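Tertiary structure, described
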Amino acid sequence: MQTTTSTTPSSSPDETLACYHCGEEVPDGVNYSVAIRGNQQPMCCPGCRAVAQLIAGSGLESFYQHRTAYNERPNLSELESSHHYSLYDDPEVNRGFTQQDEHGTFHSRLLIGGISCAACTWLIEQTLNRIEGIEAAVVNLGQSRLDVSFNPEKVTLGKIFERVDELGYKTRPYQTHALREQIQAESKAGLRQLAVAGLGMMQVGMFAIALHAGDLQGMELEYQSLLRWVSLFVASFVVFYSARSFFSSAWRHLKAGALVMDLPVSMAIGIAWIASLWATATGDGQVYFDSVVMFTFFLLLGRFLERRARQNDSQAWFDAESALPTAVTVQRNQQWVEVARHQLSPGDTVLVTQGETVPVDALVVKGDSSIDESTFNGEHLPRSVKPGDTVYAGTVNIEGPLEVTALGTYVDTRLAALQRSVEFAQTEKPPMARLADRIASRFIALVLLVTAATATAWLFVDPSRALWISLSVLVISCPCALALATPAALTGAASGLRRAGVIVRGENAIEALSHCTHMLFDKTGTLTKGEFQLTETHLLSTASQSEVLGLAASLQAFSSHPLAAAFTRLETKITFEQALYHVGAGLEGQMKGHSYRIGSHAFCSETCPELPPAPSEPHYWIALCRDDQPLAWFGLKDSVREEAAAVVRAATAGRLKVELLTGDSSTQGPALAKELNIATVNVGFSPQQKMAYVQQLQRQGAVVAMVGDGLNDAPVLGIADVSFAVAGATELARTQADFILAGVDLGAVIRTWTTARQCTHIIRQNLGWALCYNLCGIPLAALGYIPPWMAAIGMSASSLLVVLNSLRLNRAQ
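Residues numbered from 1 in each chain as written. Predicted model: local features only at pLDDT ≥ 70, side-chain atom pairs only at ≥ 80, totals over all residues. Heavy atoms only, no water.

Description of the pattern of salt bridges
Proximity of charged atoms lets side chains of opposite charge pair with each other. Applying the stated criterion across every chain yields a total of seven salt bridges. Where Asp 389 meets Lys 386, a salt bridge forms, and the shortest distance between an N and an O atom there is 3.8 Å. Asp 389 sits in the buried class, given a relative accessible area of 19%. With a closest N to O distance of 3.0 Å, Arg 597 and Glu 606 form a salt bridge. The exposure class of Arg 597 is buried, given its relative accessible area of 9%. Taken together, the shared-partner salt bridges in this structure form one network comprising Glu 588, Arg 597 and Glu 606. (Salt bridge = Lys/Arg side-chain N within 4 Å of Asp/Glu carboxyl O. Buried < 20%, exposed > 50% of the residue type's maximum accessible area, 1.4 Å probe, protein only.)

Structure follows, in structure tokens:
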């Protein structure tokens, strides 16, 4: 964005008469102020006010704190003609909701207002995906979220905003508080529409009873006419206020060349209202005001309940940061002071009192307490912590006060990492969802043709019944249930897994997991705990056991290798001033004129040819030698996870082929496979060999699920059809995995697989119900057995049943 001056903007209208946006002088008597961060800031013209209101209304007020100069004064006429969306092309404005990857592609997350059903998501996706430069556009209905990836050289972000606006939807940057505000506003609007329709239904219903009674017992024409005109007034208010959303949605999609369920619904309401209006005005024919308001009410009720069910769990993780304290107690200049949480810096000492939420990932430096970590792993038993332990943002301190040292800011926390994992979305929908979308879009045209044929047939059979029977056919059809069948189930499964401590990254993974044929496990840190214990010491010289253990512990203190942890727990009075670490081999140190080595047989035998082979027991063996003299062999063992055997048994019982795929070339791999009854063992595989092996299985038709945790597992996790990163996995492994186990229980792998199979079963149930409902309901309506009000109940109940059936997956596993 161009600027006219390099002066830093002022933050107080009392200090200057300069425009807060462009810096130009505010004319006397002009009041175009805008509230920004709770303060009224002066603006010099309507153009600056419009831009400032857009920035503030989008939740981007921090733009004014980050800019280094005033902005160019905008042209109001240009803003009005372009809806001032070009403002979002400014990198300083969009950086809060747009990221750029290494290939130069921009990824933006937008909040869409006004979407009400699966047809809306289809329209937005289809429209945007046809625009040159847009690589992917995916709408999440439950969160009213649009994720769009685009080439900024071919299409601008402002044009994307403008195109969505032209479709009739309100667009703004996606932020958690904005989503919450939008949900609240839409819920209030929906309740108002529902209340008006309900009151109208009761009033018109009473008049309809009187009219029907009059038809049976006789009623004077002037009273009959009065009741009809009053019914017209009430029904018209319901149609133009409560049913307005059906008409606007139908017209919006029709302009874009799309046929959606709101089209036959609005046609049914409109035709019935017009026919009743004509009958009222002419005094001849039947009125259908009761049917109009009744199925308007039932349709709105069904849609309201459906939306509430979909949104019930949509914010659970996106509101994660809002659960953190806004103010924290920090030690500054040897005193405790309160500061805003976002002002925390790495290294700050923070006081977390009993009952408070930990504001940031931190290291305990003083105090003993216990921490409730159910936010992450679903485990309600607290974890005891003491100085030296790590506590995580979003967990709750439940016993005593703690002094902790901040390890970073919120964006560096495990909570933020899990939140990013939740927000991750695949660029493609699952095949079943795409199939349902195609069927639903063509189903509407078929419904209109069937309705026309029904009306024509009944004009010859019984013209007096042709209208309301045609209305029943229009209303009872429900492709919405068909379109919701897959996404509702996938959302329910992902939510249920999240409650059980499994984070789902991408809905395709659930479908892929339900069809997997092979489950491959890494060994260290996956089937085992990755916590090595020193279990054997074989002395090779006259040196005592305490002496060799002291030497080993002192050398291993210079290593961060997992095996070194088994020695660093030992107490030693021996000190090496320095040691050189040889990657993949061992350590070498000097002390009192002697050279010491600890590590593999090959590494130590370079200086100590007399070193005998390692013992035959199935351990990790580490040699220690001094100069050319062997001192000892140390045997380490990694304990197996308690649940590992049950996991392997369950997978085998589920007809999955279980294999061990590890980079460890020692005897530990075959020994572990024998202990857990794993038939196929692949040991000593490099990351590239693991990838090649998985690709070979895939070429043979296998659907492979990979479970791992380490840095070397990241490539194979990325190439597998579906993958798991277990608790404690490296950040790279987490970014490649489809499922992240937040807890320590490996059994979550099997529970996730079971849930995925249940999800597929429920999707088939939903699709079967939607198809059977329409195949039965439409013919019955066409034959005249279902009145319009009952058709409205059936249509609403159909969509609601699909959503409620899917919510069964939402329960904690």
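A few points about the pairing of strand β10 (residues 349–352)
Both strand β8 (residues 327–332) and β10 contribute to a ladder of two bridges, which runs antiparallel. What sits directly across from Thr 329, in β10, is Leu 351. (Pairing = 2+ DSSP bridges. Helix = DSSP H or I, 4+ residues; strand = E, 2+ residues; numbered from the N terminus.)

Thoughts on the environment of Ala 50
Turning to its location among the elements, Ala 50 is positioned in helix α1 (residues 46–57). Sequence-wise, Ala 50 and Val 34 are 16 residues apart; in three dimensions their C-alpha atoms are separated by 9.1 Å.

So, the packing of helix α15 (residues 463–476) against helix α27 (residues 748–782)
Axis separation between α15 and α27 bottoms out at 8 Å; the angle between their running directions is 170 degrees. For the element pair α15 / α27, the angle class is roughly antiparallel. In this structure, α15 contributes Ile 469, Ser 472, Val 473 and Ile 476 to the contact, and α27 contributes Tyr 773, Asn 774, Gly 777, Ile 778, Ala 781 and Ala 782. Taken together, the residues of the contact of α15 with α27 break down into seven nonpolar, three polar and no charged. (Axes fitted to C-alpha atoms, helices over the stretch in contact; angles between N-to-C directions. Parallel < 35°, antiparallel > 145°, perpendicular 65-115°, else oblique. Contact = heavy atoms within 4.5 Å. Nonpolar A, V, L, I, M, F, W, Y, C, P; charged D, E, K, R; others polar.)

Focus on the pairing of strand β16 (residues 402–406)
Regular strands have side chains that alternate between both faces of the sheet. Within β16, four of the five residues are buried, leaving the element largely enclosed by the surrounding structure. Sheet topology note: the β10/β16 ladder contains four bridges and is antiparallel. Paired with Val 352 across the strands is Leu 402, a residue of β16.

Re the packing of helix α9 (residues 244–255) against helix α10 (residues 262–282)
Their axes nearest at 8 Å, the elements α9 and α10 cross at an angle of 130 degrees. If you check the angle between α9 and α10, you find them oblique. Handedness of the crossing formed by α9 with α10: left-handed. Here Phe 246, Phe 247, Ser 249, Ala 250 and Leu 254 of α9 lie close against α10, whose contacting residues are Asp 262, Leu 263, Val 265, Ser 266, Ile 269 and Gly 270. Here the residues of the contact of α9 with α10 sort into seven nonpolar, three polar and one charged. (Left-handed = near helix turned anticlockwise from the far one by under 90°.)

Remarks on the side chain of Glu 125
Note on placement: Glu 125 falls in helix α5 (residues 118–129). A polar contact of 2.8 Å, which involves the side chain of Glu 125, links it to the backbone nitrogen of Val 139. (Polar contact = N/O pair within 3.5 Å; in protein donor to acceptor, adjacent residues only side chain to side chain.)

Some remarks on the sheet that holds strand β13 (residues 383–385)
The strands making up a sheet associate through backbone hydrogen bonding, with each pair oriented either parallel or antiparallel. Taking strand neighbours across the sheet as the criterion, the three strands line up as β13-β12-β15 in an open arrangement whose pairing is antiparallel. At either end of the open sheet lies a strand with only one pairing partner, and these are β13 and β15 (396–397).

Digging into the confidence of the model for the protein
Scored by pLDDT, the protein has a mean of 77; 78% of the residues are at 70 or more. Every residue in residues 422–429 is under pLDDT 50, and counting partners more than four places away or in other chains gives 26 contacts. (pLDDT = per-residue confidence, 0-100.)

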